[in-house]
Amino acid sequence: MQKTQTEGVWVDCAPQRLSWSGLVQKLSSSNSIDSDSEHSGADDCSDTGSVSLHDLSALEADMFYDPMEESLCKEVVQQIALSLIEAKGCTLHCSKLLIPNKLLEHIGSELVQLALSEPCGLRGALIDLCVQQGELFHSVSQIAADPCLVPTFQLTLVLRPESGGIWPKIQGLFTAKSSSMPLRGALKLSTGFRVIKRKLYSSEELLIEEC
């Protein structure tokens, strides 16, 4: 992960994490990973110290897969979606809110990754959810992943409207017809967002990722 530091804040310029396969390649110089497409199967790996990509993927899945963490992540993502829907009229001031499935999947993936280094995992997360519209930031809700646990880290999710493609040109078609309703019409959220992580038990710099 490439980061730059500006006034005590780490900014992630390229949110690409070192995969487990990359880590093995760097640390296990005695082992070789067969990624050549000309070698058709694991049987072609005759060296006793070699590791096939298939075995490596299985090892990676075994190390990082946690059923309880995955279940909790799904619940948190559902709470985020429900909070956005509930804030549609009163906070976001729109008649329709479109939330791409890809955005929710992306958020879930980030939550799991950012919780990996935490002592209580995702259970220790306190999530501040907000939506940026121009220069304004609308606070939507604050979600505790586990209300029975004292949070160990805080995540601020900054979502923003879709600004590219055809959507900005056609969103006027979804404008509310009633003149008495002070709503702007439809709002479609972008699949990209910003997340800010702050550990509550240490004085480390803020971690900012553009996802």
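Residues numbered from 1 in each chain as written. Predicted model: local features only at pLDDT ≥ 70, side-chain atom pairs only at ≥ 80, totals over all residues. Heavy atoms only, no water.

Student: What is the right way to look at the overall build of the protein chain in this model?
Tutor: Helices and strands together make up the secondary structure of the protein chain, namely 5 helices and 10 strands. Expressed as a percentage of the 211 residues in the protein chain, the buried residues total 33%. As displayed, the protein chain offers around 12900 Å² of accessible surface, 53% of which is attributable to carbon and sulfur atoms. (Helix = DSSP H or I, 4+ residues; strand = E, 2+ residues; numbered from the N terminus. Buried < 20%, exposed > 50% of the residue type's maximum accessible area, 1.4 Å probe, protein only. Areas by Shrake-Rupley, 256 points an atom, 1.4 Å probe, with all protein chains shown as cover.)

Student: Looking at this model, I keep getting lost on helix 4 (residues 101–115). Mind explaining?
Tutor: One turn of the α-helix equals 3.6 residues, which is why residues spaced by three or four share an orientation. In a regular helix each residue adds 1.5 Å, so 15 residues correspond to 21 Å; helix 4 covers 21 Å between its end C-alpha atoms and thus fits that length. Among the residues making up helix 4, those that are buried are Leu103, Leu104, Ile107, Gly108, Glu110, Leu111, Leu114 and Ala115. Around the axis of helix 4, the buried residues are gathered within 165° of arc, so they sit on the same side. Pointing more than 90 degrees away from the buried face of helix 4 are the exposed residues Asn101, Lys102 and Glu105. Tucked into the core, helix 4 has its buried residues touching helix 3 (67–86), strand 6 (125–133), strand 8 (153–161), strand 9 (186–199) and strand 10 (206–210). (Expected span 1.5 Å × (residues − 1). Arc of directions from axis to C-beta. Contact = heavy atoms within 4.5 Å.)

Student: Please explain the nonpolar core as it appears in this structure.
Tutor: Soluble globular proteins tend to pack their nonpolar side chains together in the buried interior. Counting 35 residues, the largest nonpolar core has Ile80, Leu84, Leu111 and Leu159 as the members making the most contacts within it. Broken down by secondary-structure element, the contributors of at least two residues to this core are helix 3, helix 4, strand 6, strand 7 (136–144), strand 8 and strand 9. When sequence neighbours within four positions are dropped, the list of residues in contact with Leu111 reads Cys73, Val76, Val77, Ile80, Leu122, Ile127 and Leu155. (Core = buried A, V, L, I, M, F, W, Y, C linked by side-chain atoms within 4.5 Å.)

Student: Even after reading the chapter, I still don't get the pairing of strand 7, so can you show me in this structure?
Tutor: A regular strand places its side chains on the two faces of the sheet in alternate fashion. In this structure, strand 6 lies alongside strand 7, joined through 8 bridges in antiparallel fashion. What sits directly across from Asp128, in strand 7, is Gln142. If you look at the hairpin formed by strand 6 and strand 7, you'll find 2 residues sitting between the two strands, and Gly134 has a positive phi there, around 70°. (Pairing = 2+ DSSP bridges.)

Student: Help me understand the side chain of Glu69, please; the structure alone is not making it clear to me.
Tutor: Secondary-structure assignment places Glu69 in helix 3. Buried within the structure, Glu69 lacks any salt-bridge partner; its nearest side chain of opposite charge belongs to Arg123, at an N-O separation of 7.1 Å. Filtering out sequence-adjacent residues up to four positions away, Glu69 remains in contact with Ala115, Gly121 and Leu122. (Lys, Arg positive; Asp, Glu negative; His and termini not counted. Salt bridge = Lys/Arg side-chain N within 4 Å of Asp/Glu carboxyl O.)

Student: Got a minute to help me understand the packing of aromatic side chains in this structure?
Tutor: Pairs of aromatic rings are described using the distance from one ring centre to the other and the angle between the two planes. On inspection of all chains with the given rule, the structure shows 0 aromatic pairs. Across from the ring centre of Phe153, 5.2 Å away, lies the NZ or CZ of Lys197, which sits over that ring. (Phe/Tyr/Trp six-rings, centres within 6.5 Å; stacked < 30°, edge-to-face > 60°. Lys NZ or Arg CZ within 6 Å of the ring centre and 35° of its normal.)

Student: I keep staring at the environment of Pro161 and nothing clicks. Help me out?
Tutor: As for its placement among the helices and strands, Pro161 is situated in strand 8. Sequence separation between Pro161 and Phe193 is 32 residues; the distance between their C-alpha atoms is 9.4 Å. Non-local contacts of Pro161, meaning those with residues more than four positions away in its chain, are made with Gln132, Gln133, Leu187, Lys188, Leu189 and Ser190.

Student: Is there a simple way to explain the pattern of salt bridges in this structure?
Tutor: Opposite charge on two side chains permits pairing when their charged atoms draw close. Going through the model one piece at a time under the given rule, you end up with 5 salt bridges. The salt bridge partner of Glu70 is Lys74, with a shortest N-O separation of 3.8 Å. Residue Glu70 and its partner Lys74 are both found in helix 3; the two are separated by 4 residues, about one turn of the helix. Relative accessible area serves as the criterion here: at 32%, Glu70 is assigned to the partly exposed category. We note a salt bridge from Lys197 to Glu118, for which the minimum N-O separation is 2.9 Å.

Student: I keep staring at the packing of helix 3 against helix 4 and nothing clicks. Help me out?
Tutor: When two helices pack together, you describe them by how their axes are tilted relative to each other and by the distance separating the axes. Axis separation between helix 3 and helix 4 bottoms out at 10 Å; the angle between their running directions is 130°. It follows from the interaxial angle that helix 3 and helix 4 lie oblique. The chirality of how helix 3 crosses helix 4 is right-handed. Here Glu69, Cys73, Val76, Val77, Ile80 and Ala81 of helix 3 come into contact with helix 4, specifically with Leu104, Ile107, Gly108, Leu111, Val112 and Ala115. Looking at side-chain class alone, the contact of helix 3 with helix 4 contains 10 nonpolar, 1 polar and 1 charged residues. (Axes fitted to C-alpha atoms, helices over the stretch in contact; angles between N-to-C directions. Parallel < 35°, antiparallel > 145°, perpendicular 65-115°, else oblique. Left-handed = near helix turned anticlockwise from the far one by under 90°. Nonpolar A, V, L, I, M, F, W, Y, C, P; charged D, E, K, R; others polar.)

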